[in-house]
Amino acid sequence: QLVFFVAGGGVLRGFLCFCVMHFVCGFCIESAGFGLHRSVFCWTVGDANAKVDFGEHCLAATADHDVDISLFESLFLYQVLNNHGIHHLFPTIDKSRIVEIMPVFRQTCREFGIPWQNLQWRDIFLSLWKTWFKGLYGADCAPMLTTPPRGHLPPLSLTVEPIAGQSLGAIIRGVQVNKLSKREFKTIEQAAIKYGVVVLRDQQLTPGEQVE
């Protein structure tokens, strides 16, 4: 590129045109894209409250803005990156179709208590230089960073082992049926549906509990 500019306009003019081209390109990329991952609103490596669930992590590590503008505006103003959370959750969905799943997306966030935000581009862009504006944005404006992770509860001690060589049946260990939690009950219920027959081993029950 520099060679073509120099050949067409001389050394000084060619070099200046080259610098202006890259400055404009860099500004467009920075203003449209950098803040979507590198702003005070986005979780990044080293921050507290790291999310384990894939979907929750995608939303915590991205920032969305102006999500309800038209496809034309999104394409020419923000390089179709303004719906960035959904872009990472569903990377193969065409931008023209995102408007159709936004109501479901919003409802799902409310249902699971995910503090998703539709931010202002101005705030995202300015926060790229958060050290220049220290104190401008408080922790209350970035709930994705202050909210503890909600996905992936601690692992259960319960194990489900399909019976080898059989099309039906599974052995369940590591749980007492007289002390089942809701998660354990749900897991056993799903195993019974999947395998037809389940055997719970190593139970410690009183005679009365065995009858019940």
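Everything that follows concerns the structure shown earlier in this document.
Residues numbered from 1 in each chain as written. Predicted model: local features only at pLDDT ≥ 70, side-chain atom pairs only at ≥ 80, totals over all residues. Heavy atoms only, no water.

Observations concerning the overall build of the protein
For step 1, the next point in the chain: Along its length, the protein carries ten helices and five strands.
For step 2, the next point in the chain: Burial statistics for the protein: of 212 residues in total, 26% are counted as buried.
For step 3, the next point in the chain: Long-range contacts, defined as pairs at least 24 residues apart, comprise 61% of the intrachain contacts of the protein with a sequence gap of at least 6.
For step 4, the next point in the chain: Of the roughly 14100 Å² of accessible surface on the protein, a fraction of 63% belongs to carbon and sulfur atoms. (Helix = DSSP H or I, 4+ residues; strand = E, 2+ residues; numbered from the N terminus. Buried < 20%, exposed > 50% of the residue type's maximum accessible area, 1.4 Å probe, protein only. Contact = heavy atoms within 4.5 Å. Areas by Shrake-Rupley, 256 points an atom, 1.4 Å probe, with all protein chains shown as cover.)

Observations concerning the packing of helix α1 (residues 2-9) against helix α2 (residues 11-33)
For step 1, the next point in the chain: Interaxial distance between α1 and α2 falls to 7 Å at its minimum, and their mutual angle equals 140 degrees. By the angle between their directions, the pair α1 and α2 is classed as oblique. Once α1 is placed against α2, the crossing between them reads as right-handed. Note on element contacts: α2 touches α1 through Val11, Arg13, Gly14, Phe15, Cys17, Phe18 and Met21, opposite Leu2, Phe5, Val6 and Gly9.
For step 2, the next point in the chain: Considered class by class, the residues forming the contact of α1 with α2 number eight nonpolar, two polar and one charged. (Axes fitted to C-alpha atoms, helices over the stretch in contact; angles between N-to-C directions. Parallel < 35°, antiparallel > 145°, perpendicular 65-115°, else oblique. Left-handed = near helix turned anticlockwise from the far one by under 90°. Nonpolar A, V, L, I, M, F, W, Y, C, P; charged D, E, K, R; others polar.)

What to know about the nonpolar core
For step 1, the next point in the chain: One finds Cys58, Leu59, Val67, Ile86, Leu89, Ile98, Met102, Phe105, Cys109, Ile114 and Trp116 forming the largest nonpolar core, which totals eleven residues.
For step 2, the next point in the chain: Looking at this core, the elements that each hand over two or more residues are α3 (54-60), α5 (84-89) and α6 (98-111).
For step 3, the next point in the chain: Once residues lying within four places of it in the same chain are set aside, the contact partners of Met102 are Val67, Asn83, Ile86 and Trp116. (Core = buried A, V, L, I, M, F, W, Y, C linked by side-chain atoms within 4.5 Å.)

Everything listed here is a matter of geometry and, on its own, says nothing about what the molecule does.
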